[in-house]
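Here are the chains, one letter per residue:
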Amino acid sequence: MIKQLLTLSAASTLVLALGMPVVAQASEQEHFREAVEEAIGPIVREDISKAIEETEHLVKQAAEIVAEAAHGFHDNEKLLLEITSSSTAQMLTQSPEELEESWAHGEAFNDKGFALDDFDHFSKVMAYYDMIVHPATAHSLLKAYQQNPDHSLLEQAREELGELLEHEESEEGEEGEEGAEHGKGH
């Protein structure tokens, strides 16, 4: 229970750390926080159908936020966010292995002139990127769990959503340092 409360509190902070436009910030923060809460709860309760539904909702909601945020970036950062936010329908049909290959390893960008390693893993652009990729991976793991009820898949799905929170904590620690370097390891 305490872990859930900490997770939910940190999810609220994630949206603040991403620096969304002030006008849309309050509404989008609330909706995204609620979506994270709704996605975590059913995983913990092992309500798999509901968890799949909620992670799909989280991916779609994050895609809208990321598509809007892309306007504040330039060059490859903008392209990264545009490609990612426009690829959610594909992500939601991929297996965990396919998602890992395409998005975690960056093969989706092989012909785009950049690699994920070109971006600082804890940068703002990667925080936006991860807002989509981690919930999409959780969604895929939950669908895999339906076919093969291995509890390690549920734990991995919870960890994927937890990754959002880890990135948020790192983002807070590096506030002000951003922009100095975008060429180091993802």
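As the structure is a prediction and not an experimental result, all values here were calculated from the model.

## Things to note about the packing of aromatic side chains
In step 1: Scanning the entire structure with this criterion turns up 5 aromatic pairs.
In step 2: Ring geometry for W103 against F109: centres 5.5 Å apart, planes inclined by 80°, an arrangement best described as edge-to-face. F109 matches W103 in its accessibility class, with the two residues each being buried.
In step 3: Summarising the aromatic geometry, the rings of F109 and Y129 are spaced 6.1 Å apart at their centres and angled 55° between planes, so their arrangement reads as tilted. With F109 in the loop between helix 6 (96–104) and helix 7 (124–147) and Y129 in helix 7, this residue pair connects regions lying 20 residues apart in the sequence.
In step 4: A residue is classified by how much of its surface remains accessible, and F109, at 0% relative accessible area, is buried.
In step 5: Members of the aromatic cluster, joined through ring pairs, are W103, F109, F114, F119 and Y129.

The rules behind the values
- Residues numbered from 1 in each chain as written.
- Predicted model: local features only at pLDDT ≥ 70, side-chain atom pairs only at ≥ 80, totals over all residues.
- Heavy atoms only, no water.
- Phe/Tyr/Trp six-rings, centres within 6.5 Å; stacked < 30°, edge-to-face > 60°.
- Buried < 20%, exposed > 50% of the residue type's maximum accessible area, 1.4 Å probe, protein only.
- Helix = DSSP H or I, 4+ residues; strand = E, 2+ residues; numbered from the N terminus.

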